Amino acid sequence: MTSGQIRESYIKFFEGRGHIKIEPAPLVLENDPTTLFTSAGMQPLIPYLKGEPHPKGKRLVDIQPSLRLQDIEEVGDASHTTFFEMLGNWSLGDYFKKEQLSWCWEFFTKELGLEAERLYVSVFEGTKEVPKDTESAEVWKSLGVPEERIFYYGVDKNWWSRSGTPEAMPEGEIGGPDSEVFFEFEDVKHDKKFGEECHPNCQCGRFMEIGNSVFIQYEKKEDGTLSELPQKNVDFGGGLERMAAVVNGYSDVFLTDVYEPAIKAIEKKTGVDYASSEENAIDFRVIADHL
Ligand code: SER
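Structural notes, computed from the coordinates. (Residues numbered from 1 in each chain as written. Predicted model: local features only at pLDDT ≥ 70, side-chain atom pairs only at ≥ 80, totals over all residues. Heavy atoms only, no water.)

## What about the environment of Glu 196?
And then number 1: With respect to the helices, strands and loops of the structure, Glu 196 is situated in the loop between strand E7 (174-184) and strand E8 (207-220).
And then number 2: Note on Glu 196: relative accessible area 56%, which makes it exposed.
And then number 3: At a separation of 3.1 Å, a polar atom in the side chain of Glu 196 contacts the side chain of Lys 192. (Helix = DSSP H or I, 4+ residues; strand = E, 2+ residues; numbered from the N terminus. Buried < 20%, exposed > 50% of the residue type's maximum accessible area, 1.4 Å probe, protein only. Polar contact = N/O pair within 3.5 Å; in protein donor to acceptor, adjacent residues only side chain to side chain.)

So this is what it looks like as structure tokens:
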């Protein structure tokens, strides 16, 4: 499947489930002084996630170009980029965990045809303020994901806001627990440099995160606590480049059709093969991402 076919199939899948397609926001946002660039699909939707009615309704689907300069030091490995396209579906106070996780699973296993046995999921382990997300774990089990492929993580991995953990969120920022889906590359061997045991969030390259369902239901208050938003929202985001990689059996996003022209152009200019060494590959990825 090409990246173009993935874009098309994602939009069609969610349109078929009552979602209206919205146009992406510009990479440099208008009337939003909070960040320099659009870093996530949720950013232009913040007023609607907080409760303002969206003119197109409560179910939206989009493809949002996003720029995350905070990830710049990660670029060079096989999965991180500062610029990417985020496939997003949105429930603005409409459906919640059951529908979202079921559709997410259906999209990955049926539309993209990913082997269910290669998919792992993570859910939020909870804090004093926010309960453990047993509801998502139950939905995953009902979809056939066995207990041993469901992992619990804390605020560092399974909480999403633009600023990170609940503690780091400034007053007025919204966020919530999330549930991620990972693809396992059987042919990538675990590297103990990254820890004794491999697990979905291990950085050795055996696992790649391909989608994140955020349950945006909290807002940070002035006194440092979290309050419930007037509605429970879903913010799903999945990187197009990563989906294009896994669907074609690549554990490296720079092998996809998205990056092929850039990689070829760098090979031509330098006379060096992308595949010649890992050291060269790192330089290629940095140049291709920055281009
Ligand atoms: N906002 C979440 C993320 O960027 C999901 O869209 O991962």
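## Some words on the packing of helix H7 (residues 260-270) against helix H8 (residues 278-290)
Angle between the axes and distance between the axes are the two parameters that describe a pair of packed helices.
And then number 1: For the pair H7 and H8, interaxial distance at closest approach is 10 Å and the crossing angle is 120°. Put simply, H7 runs oblique to H8. Considering how the two elements wind past one another, H7 and H8 form a crossing that is right-handed. Facing Ala 262, Ile 263, Ile 266, Glu 267 and Thr 270 of H7, the residues of H8 in contact are Phe 284, Ile 287 and Ala 288.
And then number 2: The residue inventory of the contact of H7 with H8, partitioned by class, reads six nonpolar, one polar and one charged. (Axes fitted to C-alpha atoms, helices over the stretch in contact; angles between N-to-C directions. Parallel < 35°, antiparallel > 145°, perpendicular 65-115°, else oblique. Left-handed = near helix turned anticlockwise from the far one by under 90°. Contact = heavy atoms within 4.5 Å. Nonpolar A, V, L, I, M, F, W, Y, C, P; charged D, E, K, R; others polar.)

## Details of the packing of aromatic side chains
And then number 1: On inspection of all chains with the given rule, the structure shows 17 aromatic pairs.
And then number 2: Both rings, one in Tyr 10 and one in Phe 14, keep their centres 5.0 Å apart while their planes meet at 55°; by these two values the pair is tilted. Here Tyr 10 and its partner Phe 14 are both found in helix H1 (residues 3-15), four residues apart, which amounts to about one turn of the helix. In this structure, Tyr 10 and Phe 14 share a single accessibility class: buried.
And then number 3: Pairing Phe 107 with Phe 108 gives two aromatic rings, centres 6.1 Å apart and planes at 55°, and the pair type is tilted. (Phe/Tyr/Trp six-rings, centres within 6.5 Å; stacked < 30°, edge-to-face > 60°.)

## Topic: the pairing of E8
And then number 1: Of all the 14 residues making up E8, 13 are buried; the element is thus mostly covered by neighbouring parts of the structure.
And then number 2: Where E7 lies against E8, nine bridges are found, and the strand directions are antiparallel. In the strand pairing of E8, Val 181 is matched with Gly 211.
And then number 3: The sheet contact formed by E8 and strand E9 (residues 226-239) spans eight bridges and is antiparallel. Among the inter-strand pairings, Val 214 is bridged to a residue of E9, identified as Asp 235.
And then number 4: In this structure, the hairpin formed by E8 and E9 is closed by a connection of five residues, where Gly 224 is found at a positive phi of approximately 90°. (Pairing = 2+ DSSP bridges.)

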